[in-house]
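Descriptive structure summary
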Amino acid sequence: MAIKKFITGNFYDEAVLFPAVKKVRRAGYKVHDVYTPFPIHGLDKELGMKDTDLHIAGFIYGITGTTTAISFITWALTLDWQINFGGKPFFSLPAWIPIMFELTVLFSAVGMVFTFCWLCQLAPFVKKDHFNPRSTDDTFVMAIECTDKTNEEEAIAFLKNAGAQDVQVQSRETGWWFGRYDRDTVRFGKKVAAV
Amino acid sequence: MSLNRYESQVRGPLVEGSKDYHQITEDICRPVEATPSKLWWVGFIISVGLLLFGVVSVTMEVIYGTGQWNLNKTIGWGWDITNFVWWVGIGHAGTLISAILLLFRQGWRTGVNRAAEAMTIFAVMCAGQFPIWHMGRVWNAFFVAPYPNTRGPLWVNFNSPLLWDVFAISTYFTVSLLFWYCGLLPDLATLRDRAKLKWRKLFYGVASFGWTGSTKHWQRHEALSLVLAGLSTPLVLSVHTIVSFDFATSVIPGWHTTIFPPYFVAGAVFSGFAMVQTLLLITRKVLGLEEYITIEHIDVMNKVIVLTGSIVGIAYLTELFIAWYSHVEYEWFAFRENRVNLSSPYGWSYYLMMGCNVLSPQIFWFKKMRRNLLVTFFMSILVNIGMWFERFVIIVTSIYRDYLPSSWSTYYTPTIWEIGFYMGTFGLFFTCYFLFSKFFPVIAIAEIKHILKRSGDNFKEKMDKDENETLEAFQHANAHH
């Protein structure tokens, strides 16, 4: 497992964080991630992240649920074991709508939650490092990944200048299991050219 | 960067007492991290006692059969289904607050959604008990699942509202649980990162799934919450609609009514909000969270209560009117003789229902009453009693005199085991709620922080000041012209 270096800076106000993210990215630094105690709308765009496709997955799971319900009930009641319920046709679609709907919702919700956990690599007993334990309390933590070209001193000074406090250099092992930092799956939609 | 104004000036702050992010964490985590108070123990022990009473009652029923309940030839459904529908209804406010209000971007939901969602889950757990034990031979309960069996295979009846119920309730429970737990993840991570004791670190470490608060996680989390809310919204409407189908698709006078689905949903939201009020009034007091669950919150929920109470009232009157207007003599008889006639055996319950559900909530048209905690608490109990009687009226007054006068039943009163079972579900509900309030944050920490700069006391004040200054500057500039 390789060791990677990060420069982390703490921010205490999102009003400072936003321009800082912009500056740091403009300057060509690779922002590994920003850890925040609550969702900050627009930060993902600011970081150049693509929108998530989770809802598309949800839609696909939903249709799977509908299809499962209608095909199974049709098979069970019209082919496998026909029962005459009060003279109604074997294929009595309107009466199946409630169950079709419920299975649509069930498949979609369960599927989406599992997909969410899988995409974010969240599961019981997974323990991830996030540079500063206060990032789940009141601190917005920006982590810049150091590459071969990064001048640490310069990056620290730059981050401080952008409004970050307690800027530190931290190193972490790659991988994502037990106590390691998040795997690098952040896909950047548009590249920002280095100035 | 100037603070953007999202909210009207006339709205009161949703987070009182100049808070910052850290203070919010401290305040909400305090009850979780502190040793439970004596009051907590008293409540918890009473709840467990009730739960044990329920366990004994259910055991008696399993040993001796449903004969332990006072059901008879005509009244095949009594307290059990009344309680089932009532508990399912209680659950609805939680999903309404967390899902529908999320879609409508209502900031005030953040103070109450966590507790309300927990309430939903516990209420549905309680509700589920009743149809299961009502089966009598409960060890055959798995028959409701469509699985290849040795009886044919004889499939379950997918055309039956009772089976729709099975699917609706189990889906509702699963989705509510997922929604609630996904919302909990960030807050559990907060507790994990604050934990000093070893077992706490382990417990919250496992429970928080390794949440870090990465931007990508939040982005997906937001998308997930929104879609789950979008799914839960029709789901919550469908659940009580399907519960009402249990009655509406039958041919019993008093049940065979097309207004049932919307009327049941409104009633469910009505009773659910009443239960949220009952719980939150106690919670905010006992856990010292008055600054997060404010009078403003109580006020808006009371507005929902008066709205849904009035919808329910209109539904009652419509039902009555249609019974007469439709010229169905059996339907009209059920209403005239079994309900409206005060001197009939169950006439009292109809008027109790009308009084509690239709008349009493009208008090909330007055702002003073909406913001009065004592009145709200009293009303929340009254509404829940009223809504319980609504289900009782629908079920018992419709079936105790059926088409065949020779089988008209005698007066039905529950046995001690029926009451015990009902009390037991209260025990289950409150035991769960006490444990929840001890081990989980009762307020969504991350969501409160999210609205702080929009609705926090100090920030609102600052925004007002800024706005007034801008206005003055504008007026000053224009005065020269």
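Conventions and cut-offs
- Residues numbered from 1 in each chain as written.
- Chains lettered and ligands numbered in written order.
- Predicted model: local features only at pLDDT ≥ 70, side-chain atom pairs only at ≥ 80, totals over all residues.
- Heavy atoms only, no water.
- Helix = DSSP H or I, 4+ residues; strand = E, 2+ residues; numbered from the N terminus.
- Buried < 20%, exposed > 50% of the residue type's maximum accessible area, 1.4 Å probe, protein only.
- Contact = heavy atoms within 4.5 Å.
- Areas by Shrake-Rupley, 256 points an atom, 1.4 Å probe, with all protein chains shown as cover.
- Polar contact = N/O pair within 3.5 Å; in protein donor to acceptor, adjacent residues only side chain to side chain.
- Patch = residues over 30% accessible without salt bridge, like charges linked within 9 Å, V, L, I, M, F, W, Y side chains within 5 Å.
- Salt bridge = Lys/Arg side-chain N within 4 Å of Asp/Glu carboxyl O.
- 1 Å grid on protein atoms, 1.4 Å probe; cavity = no way out; pocket = protein on both sides within 12 Å on 5 of 7 lines; lining within 4 Å.
- Points joined across faces, edges and corners; volume = space filled by probe spheres on them.
- Pairing = 2+ DSSP bridges.
- Axes fitted to C-alpha atoms, helices over the stretch in contact; angles between N-to-C directions.
- Core = buried A, V, L, I, M, F, W, Y, C linked by side-chain atoms within 4.5 Å.
- Expected span 1.5 Å × (residues − 1).
- Nonpolar A, V, L, I, M, F, W, Y, C, P; charged D, E, K, R; others polar.
- Buried area = accessible area lost by both parts, 1.4 Å probe.
- Parallel < 35°, antiparallel > 145°, perpendicular 65-115°, else oblique.
- Left-handed = near helix turned anticlockwise from the far one by under 90°.

Before going further, it helps to examine the overall build of chain A. Check the secondary structure of chain A and you find five helices and four strands. When burial is assessed residue by residue, chain A has 48% of its 195 residues classed as buried. Long-range contacts, defined as pairs at least 24 residues apart, comprise 78% of the intrachain contacts of chain A with a sequence gap of at least 6. For chain A, the accessible surface area stands at approximately 9,700 Å², while carbon and sulfur atoms represent 61% of it.

What follows concerns the side chain of Asn159(B). Turning to its location among the elements, Asn159(B) is positioned in the loop between α4 (109–134) and α5 (161–194). Polar side-chain contacts of Asn159(B) include one of 3.3 Å to the side chain of Ser92(A). Once you skip the residues sitting within four places of it in the chain, Asn159(B) turns out to touch Leu77(A), Phe85(A), Ser92(A), Ala95(A), Trp96(A) and Trp164(B).

Residues and elements named next belong to chain B. Nonpolar side chains collect at one region of the surface, where Leu39, Ile282, Val286, Leu342, Trp348, Tyr351, Leu352, Phe377, Ile381, Ile385 and Tyr411 lie side by side and expose about 980 Å² of accessible area between them. The set of elements that each furnish at least two residues to the nonpolar patch consists of α8 (260–286), α11 (347–359) and α13 (373–399). Examined against the element boundaries, isoleucine 385 turns out to sit in helix α13.

Moving on, we get to the layout of surface pockets. Residue and element names in this part refer to chain B. The computed volume of the second largest pocket comes to approximately 900 Å³. As for the second largest pocket, its lining consists of 34 residues, of which Pro131, Met135, Val144, Leu162 and Val166 are closest to the centre. Every element with two or more residues in the lining of the second largest pocket is listed here: α3 (79–103), α4 and α5. With eight residues, α5 is the single largest residue contributor to the lining of the second largest pocket.

This part takes up the sheet that holds strand β1 (residues 3–11) of chain A. Residue and element names in this part refer to chain A. One open sheet holds the four strands; their spatial order is β2-β3-β1-β4, and the pairing between them is antiparallel. The two strands at the open ends of the sheet, each matched to only one other strand, are β2 (30–35) and β4 (165–173). The average angle at which neighbouring strand axes cross in this sheet is 25°, direction not considered. Where helix α1 (residues 14–26) meets the sheet, it contacts β1, β2 and β3 (140–145), and its direction lies at approximately 10° from that of β3.

Counting residues in hydrophobic clusters, the biggest one holds 180 residues, and the most contacted among them are Met142(A), Trp87(B), Phe158(B), Phe247(B) and Phe273(B). Not counting chain neighbours up to four residues away, the residues in contact with Phe158(B) comprise Phe72(A), Ile73(A), Ala76(A), Leu77(A), Ala95(A), Trp96(A), Ile99(A), Pro146(B), Leu163(B), Trp164(B) and Phe167(B). One finds Phe6(A), Phe131(A), Val141(A) and Ala143(A) within the second-largest nonpolar core, a separate group that totals five residues.

To continue, consider helix α14 (residues 416–439) of chain B. When the terminal C-alpha atoms of α14(B) are compared, their 34 Å separation across 24 residues agrees well with the 34 Å that a helix rising 1.5 Å per residue should span. Of all 24 residues in α14(B), 17 are buried, a share of seventy percent or more.

Take the pattern of salt bridges next. Residues and elements named next belong to chain B. Scanning the entire structure with this criterion turns up 25 salt bridges over all chains. Here arginine 194 ties to glutamate 33 by a salt bridge, and the two come within 2.9 Å at their closest N and O atoms. Here glutamate 33 lies in helix α1 (residues 21–33) and arginine 194 lies in helix α5, a separation of 161 residues in the sequence. Given a relative accessible area of 28%, glutamate 33 falls into the partly exposed group. Residue lysine 462 pairs with aspartate 466 through a salt bridge whose shortest N-O separation is 3.4 Å. Residue lysine 462 and its partner aspartate 466 are located together in helix α16 (residues 457–479), separated by four residues, close to a single helical turn. Taking relative accessible area as the criterion, lysine 462 reaches 42% and is therefore assigned partly exposed. What you see here is one network of salt bridges that share partners, running through Lys19, Asp27, Arg30 and Glu291.

Time to look at empty space enclosed by the protein. Any empty space left between the atoms is revealed when a probe the size of a water molecule rolls over them. Residues and elements named next belong to chain B. Counted according to the given criterion, the structure contains two cavities of 30 Å³ or more. Taken as a whole, the second largest cavity encloses approximately 40 Å³ of empty space. In terms of lining residues, the second largest cavity is bounded by Gly94, Thr95, Ser98, Glu117, Thr120, Ser176, Phe179 and Trp180. Sorting the residues of the lining of the second largest cavity by element identifies α3, α4 and α5 as the ones contributing at least two each. Looking at the lining of the second largest cavity residue by residue, the class counts come to two nonpolar, five polar and one charged.

On the chain B side, the residues contacting the 65 residues of chain A number 57 residues. The junction of chain A with chain B conceals about 5,500 Å² of combined surface from both sides, 68% of it contributed by carbon and sulfur atoms. There are two salt bridges connecting chain A and chain B. The salt bridge partner of Lys453(B) is Glu14(A), with a shortest N-O separation of 3.5 Å. Where chain A meets chain B, there are 26 residue pairs in polar contact (both at pLDDT 80 or more). Of all elements in the fold, only α1, β2, α2 (43–46), α3 (54–80) and α4 (97–119) of chain A reach the threshold of two or more residues within the side of chain A that touches chain B. Of all the elements, α4(A) adds the most residues to the side of chain A that touches chain B, at 15 residues. Its residues placed into classes, the side of chain A that touches chain B shows 41 nonpolar, 10 polar and 14 charged.

Attention now moves to the packing of helix α7 (residues 215–248) of chain B against α8(B). Residues and elements named next belong to chain B. Where α7 meets α8, the axes come as close as 8 Å, and the angle between the chain directions of the two elements is 125°. Accordingly, the angle class assigned to the pair α7 and α8 is oblique. Here α7 runs over α8; the crossing is right-handed. Contacts from Leu237, His240, Thr241, Val243, Ser244, Phe245, Phe247 and Ala248 in α7 reach Phe260, Pro261, Phe264, Val265 and Ala268 in α8.

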